[in-house]
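A look at the structure
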Amino acid sequence: MQTRSPASVRPPSGPKFSLRDLRNLAETFAIASAGAGLFYLASIPAAFLAGAMVAVAVAAIAGRPVGVPRPLARACFVIVGLSLGSVVSPASLRGIAAWPISIAAVVAASACVTVATTFYLRKVHGWESMTAMFAAVPGALSQVLAHAVEEKCDVRGIAVVQSLRVVILTVGVPVALAVLGHGGPTRLAAPPSSLFAAPAELAALVATALGAGLLLMRIGFPGGLLIGAMTVSAVLHGTGLVTVTLPAWATIGGMLGLGAISGSRFTNTSSGLLLNYLGAALGAFAVAVAVTAVFVLVLVPTLHLPLGDLTVAFSPGAIDAMMVLSLALHIDPVFVGAHHIARFFVVSLMLPVVIRYVRRLRQDGGDDSIVK
C-alpha cells in the first residue's frame, strides 16, 4: 500500500535558507551531475534526467541530506517545459497531419495503457488512485514527475515504475543495439542555441513562457509552470515564429534539477519497500506492453505499415531514445517523431484535466471509482 513521502524529506522552502542548506544543495547537484555523467558516458538515452535521478536516489537511500529548494525546483519546471516544447517544428506538424489514423491510434493506445495499468496497480498492489495514474502514464517521465511532486504523491513508487519502463525501452534496447554495432548517445530534445545567438528572441520566449506558467500556477492549474512554458514554446516553435532554443547548459541544468528533485524523494526508503515497488513496476510494464502490442498487431494489416515502424512509434519511451532507435533501425524518423510528439502533447495537456477529476474523487470519497 502506498504512502505519501514524509514531510521530513520535503525539499527546503521559504526564506530561511542556511549555509547548511546550501552545502546540501551543492552535494545534491554534485551527485546528480556524477550520475548523469556516468549515464552519458555509457551512451544511455535520457542520461541527464535518469542518471541524476538514480544517483540522487541512491544517495537518499544511503542517508545523505539531498534535496532541492522550492524556488529552484520551480525554475527547473519552467526550463524543462521550454525544452520539451522546442521539439515541435513546422515539419513535425506536417507529419502529424500525414498519418491521421495511426496518430489517433497512438493517442488511444496511450489512454488504454494508462487505464489498464492504473487498474492493475490499484487492484493488485493497492496503490491510491493519483499515484497509480501517474505511474501508469506512458512516455511522459518529465511531466509526470513534476506533477507528482506538486500533488505530493508517492514519488518513489512513481519513479520506480516509470524508470523501469524507461530503462527497459530506452536503455535495454539501445544497449542491445550497441552490442550489435549500433547505438547512439544522449541527445537533447532539440538542438541547443547559444545564449547570444538571438538574445532578444530568447528573452521574449522565456518571458512569455514564464508569464503563462505563473498565470496557470496562480489559478491553480495542475503543473502550471511546466505546462504553461511547454505550451508557449510548442506554439511559437511549431508556427515558426521562434527558432531559438535554450542553451545546452540551461537545458541540462533543468534536467539535472528535475532528476535530483525526484531522486531526493527516496529518503527513508527501505530495501523491502523497494522490492515491493519493483514487483509493481514489472507488472505495470507487462500490462503496458500487452496493451500496446494489441494496437500494433491490429494496425499492421489494417494500414499496411511495417511492423518495426509501428513498434517504435507506439513504444512508450522517451522521444530522444525512440529517435535513436529509429535511426539505428533505419526507420523513418519523421514517422516515429510525429507519433511520439502527438502522444506527448496530448498526454501533457490531458494530465491536468485527469488530475482535477481524481482530486474530486478523493474529495467525494470515491477513490475506487478511478478503476471503473
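Residues numbered from 1 in each chain as written. Predicted model: local features only at pLDDT ≥ 70, side-chain atom pairs only at ≥ 80, totals over all residues. Heavy atoms only, no water.

**Observations concerning helix α12 (residues 271–303)**
- Here α12 contains 33 residues, and its C-alpha end-to-end distance of 47 Å stays within 8% of the 48 Å for a straight helix at 1.5 Å per residue.
- When we look at burial in α12, the residues that qualify are Tyr-277, Ala-280, Ala-281, Gly-283, Ala-284, Phe-285, Val-287, Ala-288, Val-291, Thr-292, Val-296 and Leu-299.
- Just past α12, the residue His-304 takes up positive phi, approximately 55°. (Helix = DSSP H or I, 4+ residues; strand = E, 2+ residues; numbered from the N terminus. Expected span 1.5 Å × (residues − 1). Buried < 20%, exposed > 50% of the residue type's maximum accessible area, 1.4 Å probe, protein only.)

**Points about the packing of helix α7 (residues 141–151) against helix α10 (residues 224–238)**
- It is the contact of α7 with α10, at a shortest axis distance of 9 Å, that shows an interaxial angle of 150°. Of α10, the residues touching α7 (which contributes Ser-142, Gln-143, Ala-146, His-147 and Glu-150) are Gly-224, Leu-226 and Ile-227.
- A breakdown of the residues in the contact of α7 with α10 according to their chemical character gives three nonpolar, four polar and one charged. (Axes fitted to C-alpha atoms, helices over the stretch in contact; angles between N-to-C directions. Contact = heavy atoms within 4.5 Å. Nonpolar A, V, L, I, M, F, W, Y, C, P; charged D, E, K, R; others polar.)

**Observations regarding the confidence of the model for the protein**
- Scored by pLDDT, the protein comes out at a mean of 78, with 78% of its residues at no less than 70.
- Taken element by element, the predicted model of the protein shows its lowest mean pLDDT in helix α14 (residues 319–328) (58) and its highest in helix α5 (residues 100–125) (92).
- Within the model, pLDDT remains below 50 along residues 1–14, and this stretch shows 33 contacts once partners closer than five positions in the same chain are excluded.
- Every residue in residues 180–186 is under pLDDT 50, and counting partners more than four places away or in other chains gives 16 contacts. (pLDDT = per-residue confidence, 0-100.)

**Let's talk about helix α1 (residues 19–41)**
- Relative to the 33 Å expected for 23 residues at 1.5 Å per residue, α1 spans 33 Å between its end C-alpha atoms, a close match to the ideal helical length.
- Of the residues making up α1, those classed as buried are Asp-21, Asn-24, Leu-25, Thr-28, Ile-31, Ala-32, Gly-35 and Ala-36.
- In this fold, the buried residues of α1 make contact with α2 (47–61), α3 (70–85) and α11 (248–264).

**Focus: the packing of aromatic side chains**
- Summed over all chains, the structure comprises three aromatic pairs.
- With a centroid separation of 5.8 Å and 20° between ring planes, the pair formed by Tyr-40 and Phe-48 is classed as stacked.
- The exposure class of Phe-48 is buried, given its relative accessible area of 14%.
- Where Phe-344 meets Phe-345, the ring centres are 4.9 Å apart and the plane angle is 85°; that geometry is what we call edge-to-face. (Phe/Tyr/Trp six-rings, centres within 6.5 Å; stacked < 30°, edge-to-face > 60°.)

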